[in-house]
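Remarks on the overall topology
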Amino acid sequence: MINIAVMLNGSGKYLDITQELYKHWTTLYDGVHFDFFVSTWEDEIDYTNWDWITKWERLKEEDCPYDLKNHPTGR
């Protein structure tokens, strides 16, 4: 068995749509297991019942050492 870790981070926006692609990965190869680790900003998305995710964490914007409010849009 080959184990592959996949890290998804950033915004969880649209992950409810793209999750179908990640779920499909588990059916592509015999003998390959994917572990999905998700780290996103805190928002209204609930990952509790998303069984394709191995482990997830939610980050609070106020805990970020970088001032995100001064970050240029689109960069």
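Remember, it's a predicted structure, so these values are computed and weren't measured experimentally.

**Overview of the side chain of Q19**
Counting through the fold element by element, Q19 comes out in helix α1 (residues 15-25). Every residue in contact with Q19, bar those within four places of it in the chain, is listed here: W50 and W52.

**Overview of the packing of aromatic side chains**
For any pair of aromatic rings, the description rests on two quantities: the centre-to-centre distance and the angle between the ring planes. Inspection of the entire model under this criterion finds ten aromatic pairs. Taking 5.6 Å as the distance between ring centres and 15 degrees as the angle between the ring planes, the aromatic pair formed by Y22 and W52 counts as stacked. Separated by 30 residues along the polypeptide, Y22 in helix α1 and W52 in the loop between β2 (32-41) and β3 (55-59) bring together distant segments of the chain. Judged by relative accessible area, which is 17%, Y22 ranks as buried. Members of the aromatic cluster, each reached through a chain of ring pairs, are Y22, W25, F34, F36, Y47, W50, W52 and W56.

**Here we look at the sheet that holds strand β1 (residues 2-10)**
Each strand in a sheet pairs with another by means of backbone hydrogen bonds, the pair being arranged parallel or else antiparallel. Taken together, the three strands give an open sheet; going across it, the order is β1-β2-β3, and neighbouring strands pair in parallel fashion. At either margin of the open sheet sits one strand with a lone partner, and together these are β1 and β3. Between one strand and the next, the sheet's axes are offset by a mean angle of 15 degrees, whatever the strand orientation. In this sheet, β3 lies alongside β2 in parallel orientation, the contact comprising five bridges. Bridging across to β3, W41 finds its partner in L59. Across the face of the sheet, α1 comes into contact with β1 and β2 while running at roughly 160 degrees to β2.

**Describing the pattern of salt bridges**
Taken as a whole, this structure holds two salt bridges when the rule is applied. In this structure, K23 engages E20 in a salt bridge whose closest nitrogen and oxygen atoms are separated by 3.3 Å. Of this pair, K23 and E20 are both found in helix α1, three residues apart, which corresponds to roughly one turn of the helix. Classification of E20 as partly exposed rests on a relative accessible area of 46%. Between D43 and R58 there is a salt bridge; the shortest N-O distance is 2.3 Å. With a gap of 15 residues between them, D43 in the loop between β2 and β3 and R58 in strand β3 connect regions that are remote in the sequence.

Rules used in this analysis
The residue numbering used here restarts from 1 in each chain and proceeds along that chain's sequence as written. For this predicted model, a pLDDT threshold of at least 70 governs which residues receive local features, and a threshold of 80 or more governs which side-chain atom pairs are given and counted, while totals over whole chains, interfaces and linings are taken from all residues. Side-chain metrics rest on all non-hydrogen atoms present in the structure, leaving aside hydrogens and water. Here a helix means four or more residues in a row that DSSP labels H or I, a strand means two or more in a row labelled E, and each is numbered from the N terminus. Residue contacts are defined here by distance: any two heavy atoms, one from each residue, within 4.5 Å place the two residues in contact. In this scheme Phe, Tyr and Trp rings, the latter by its six-membered ring, pair at centre separations within 6.5 Å, and the angle between planes marks the pair as stacked below 30 degrees, edge-to-face above 60, and tilted otherwise. Here the term buried applies to any residue with accessible area under 20% of the maximum for its type, exposed to any over 50%, and partly exposed to those in between, with areas from a 1.4 Å probe on protein chains only. Paired strands, as defined in this entry, are two strands with at least two bridges between them according to DSSP. Axis lines are fitted through C-alpha atoms, for helices just across the contact stretch, and the angle between N-to-C directions can take any value from 0 to 180 degrees. One speaks of a salt bridge when a side-chain nitrogen belonging to Lys or Arg is within 4 Å of a carboxyl oxygen belonging to Asp or Glu.

Scope: geometric values only; no functional claims are made or implied.
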